[in-house]
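Here is what each chain is made of, one letter per residue.
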Amino acid sequence: MTRPPQGPAPSGAGERMCPSTPAGNATVFLGMITPAGRVAYVTPALPAEVAVAAAAEADVPVEARYRLAGPCVTSRCGFWTGDHCGLGERLVASYAQTAGEPEVELPRCAIRRTCRWFAEQGPAACAACAHVVTDAR
């Protein structure tokens, strides 16, 4: 669901992490996509190269099997609104409409303290995040 960045991140963009990054910008292996289409988070954090290597022989993009995270590229991303991540905002709103109240217990996540979606949307972002598949086909 994340559009690939259009060049290098602007200065200071590394402060927040995007929890749904294409492999080309990924630095963290965030989780595996289960058969039910949910993310099984990997903790502690592992380098993105672990997921990329595991998917090397697969016939699908790495993003269809694994969730990767990387530095938020802000204005270099098609989802950037000018002051926040529009994708995180839309995901939280959509999840609230379809699933109602988010789960009380947050999943174990390797990037929560630096996650752009969590910083902007709070705990509701975690419930929506677990259902995102970043398929780059």
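Nothing here was measured: the structure is a model prediction, and the numbers come from that model.

### Quick notes on helix α3 (residues 86-99)
In step 1: The terminal C-alpha atoms of α3, which comprises 14 residues, lie 20 Å apart, in line with the 20 Å expected from a rise of 1.5 Å per residue.
In step 2: Looking only at α3, the buried set comprises Gly86, Leu87, Gly88, Leu91, Val92 and Tyr95.
In step 3: A positive phi of about 80 degrees marks Gly100, the residue just after α3.

### With respect to the environment of Ala110
In step 1: Tracing the chain through its elements places Ala110 in the loop between α3 and α4 (116-121).
In step 2: We classify Ala110 as partly exposed; its relative accessible area is 30%.
In step 3: With near-sequence residues (within four places) excluded, Ala110 lies in contact with Val42, Thr43, Pro44 and Ala45.

### Some remarks on the side chain of Glu63
In step 1: In this structure, Glu63 sits in helix α2 (residues 62-65).
In step 2: At 2.6 Å, the side chain of Glu63 and the backbone nitrogen of Ala23 are in polar contact.

### Regarding unusual backbone geometry
In step 1: Residue Thr43 is joined to Pro44 through a cis peptide bond whose omega torsion reads 0 degrees.
In step 2: The topology assignment puts Pro44 in strand β3 (residues 39-47).
In step 3: Even without a glycine there, the phi angle at Thr74 is positive, about 40 degrees.
In step 4: Locating Thr74 in the fold gives a position in the loop between β4 (66-71) and α3.
In step 5: With a relative accessible area of 14%, Thr74 lands in the buried category.

### Looking at the nonpolar core
In step 1: Counting residues in each nonpolar core, the largest one holds 24 residues, and the members touching the most others are Tyr41, Leu87, Leu91, Ile111 and Trp117.
In step 2: Contributing elements (two or more residues each) for this core: β2 (28-33), β3, α3 and α5 (124-129).
In step 3: Listed in part, the nine residues of the second largest apolar core include Ala26, Phe29, Ala51 and Ala55.

Basis of the calculations
Residues numbered from 1 in each chain as written. Predicted model: local features only at pLDDT ≥ 70, side-chain atom pairs only at ≥ 80, totals over all residues. Heavy atoms only, no water. Helix = DSSP H or I, 4+ residues; strand = E, 2+ residues; numbered from the N terminus. Expected span 1.5 Å × (residues − 1). Buried < 20%, exposed > 50% of the residue type's maximum accessible area, 1.4 Å probe, protein only. Contact = heavy atoms within 4.5 Å. Polar contact = N/O pair within 3.5 Å; in protein donor to acceptor, adjacent residues only side chain to side chain. Core = buried A, V, L, I, M, F, W, Y, C linked by side-chain atoms within 4.5 Å.

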